[in-house]
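# Understanding the architecture of this molecule
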Amino acid sequence: MPRVSTDRLAARRQEILDGARRCFARYGYEGATVRRLEEVTGLSRGAIFHHYRDKDALFLALAEQDAARMAEVVADQGLVQVMRDLVADPNSEELSWLGTRLEVSRRLRTDPEFRELWRDHSAALARATRERLERQAKAGLLRDDVPVPVLAQYLELVLEGLVAHLAMGLPADELTAVLDLVEAGVRARR
């Protein structure tokens, strides 16, 4: 029997994650049944669960991947850029963090086991935000009358509010201007 290359295995795992992302975004965690996961990915349950132990492991892998991608954007461009990406296209295939973020928030509130598993992953995003802010503070780009940890928490709370706003389907007309205001609020005064 021929062996499957690690590249092909990684590609299949990514294919499953991409389909699962669409399924979870559309139906939520509870509504993303195995049948729906099969339909959206185009794969059998055996193929899906050969790579992921169960639906929980699949969702956690997806949430971890999204959190890592968000942390990369934060490290390079800042948390406000993550928010701008969400506002620009909340349903983007590439940046569909909204659906995952909503499900993570819900599960954090209702599932103590998930909360424990998620703690380390959320710390990575918070760490990326603080590290970027610290670099900007050293470069004199941030206001110096508010400590970096407070600015970081402020931005994280704005992100959570933005996610809730988008989830409710409220108008996004003024959100770019709101994010301009948020960004101006953390920058050094010129």
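Here the structure is shown first, and the text comes after it.
Residues numbered from 1 in each chain as written. Predicted model: local features only at pLDDT ≥ 70, side-chain atom pairs only at ≥ 80, totals over all residues. Heavy atoms only, no water.

## Regarding helix H1 (residues 6-31)
- The terminal C-alpha atoms of H1, which comprises 26 residues, lie only 32 Å apart, well short of the 38 Å expected from a rise of 1.5 Å per residue.
- Its axis deflected by about 80° at Ala25, H1 carries its strongest bend there.
- Within H1, the full set of buried residues consists of Ile16, Leu17, Gly19, Ala20, Arg21, Cys23, Phe24, Gly28, Tyr29 and Gly31. (Helix = DSSP H or I, 4+ residues; strand = E, 2+ residues; numbered from the N terminus. Expected span 1.5 Å × (residues − 1). Bend = angle between axes of the 7 residues up to and from the residue. Buried < 20%, exposed > 50% of the residue type's maximum accessible area, 1.4 Å probe, protein only.)

## So, the pattern of salt bridges
- Under the criterion given, the structure shown has 16 salt bridges.
- Two residues, Asp66 and Arg69, come together in a salt bridge whose shortest N-O distance is 3.5 Å. Remark: Arg69 and Asp66 occur in helix H4 (residues 55-77); sequence separation between them is 3 residues, near one turn of the helix.
- Owing to a relative accessible area of 1%, Asp66 belongs among the buried residues under this scheme.
- Overall, Arg69 belongs to the partly exposed group, its relative accessible area being 22%.
- We note a salt bridge from Arg84 to Asp180, for which the minimum N-O separation is 2.8 Å. In this pair, Arg84 is assigned in helix H5 (residues 79-88) and Asp180 in helix H9 (residues 175-186), connecting sequence segments 96 residues apart.
- Ionic contacts of the salt-bridge type, sharing partners, join the residues Asp18, Arg21, Asp66 and Arg69 into one network. (Salt bridge = Lys/Arg side-chain N within 4 Å of Asp/Glu carboxyl O.)

## Some words on the packing of helix H7 (residues 112-138) against helix H8 (residues 148-167)
- Closest axis-to-axis distance for the H7/H8 pair is 9 Å, and the angle between their directions is 130°. Judged on the interaxial angle alone, H8 and H7 are oblique. As for how H7 packs across H8, the hand of that crossing is right-handed. Residue-level contacts link Ala126, Thr129, Arg130, Leu133, Glu134 and Ala137 of H7 to Val148, Leu151, Ala152, Leu155 and Glu156 of H8.
- The class makeup of the residues in the contact of H7 with H8 is 7 nonpolar, 1 polar and 3 charged. (Axes fitted to C-alpha atoms, helices over the stretch in contact; angles between N-to-C directions. Parallel < 35°, antiparallel > 145°, perpendicular 65-115°, else oblique. Left-handed = near helix turned anticlockwise from the far one by under 90°. Contact = heavy atoms within 4.5 Å. Nonpolar A, V, L, I, M, F, W, Y, C, P; charged D, E, K, R; others polar.)

## Notes on the environment of Leu117
- Within the secondary structure, Leu117 is located in helix H7.
- On the basis of relative accessibility, which here comes to 42%, the residue Leu117 falls in the partly exposed class.
- In this structure the C-alpha to C-alpha distance between Leu117 and Asp76, which are 41 residues apart in sequence, comes to 26 Å.

## Notes on H4
- Taking 1.5 Å per residue as the helical rise, H4 with its 23 residues ought to reach 33 Å, and the 32 Å between its terminal C-alpha atoms agrees with that figure.
- One side-chain oxygen of the residue at the start of H4 lies 3.2 Å from the amide nitrogen of Asp56, identifying that residue as Asp54.
- Looking at the residues trailing H4, positive phi occurs at Gly78, about 100°. (Polar contact = N/O pair within 3.5 Å; in protein donor to acceptor, adjacent residues only side chain to side chain.)

## Concerning the nonpolar core
- Counting 27 residues, the largest nonpolar core has Met83, Leu155 and Leu159 as the members making the most contacts within it.
- Only H4, H5, H7, H8 and H9 provide two or more residues apiece to this core.
- No other element matches the 8 residues that H8 contributes to this core.
- Ignoring sequence-local partners within four residues, the contact set of Leu155 consists of Leu79, Val80, Met83, Leu133, Val182 and Val186.
- Residues Ala20, Leu60, Leu62 and Trp118 belong to the second largest nonpolar core, which totals 21 residues. (Core = buried A, V, L, I, M, F, W, Y, C linked by side-chain atoms within 4.5 Å.)

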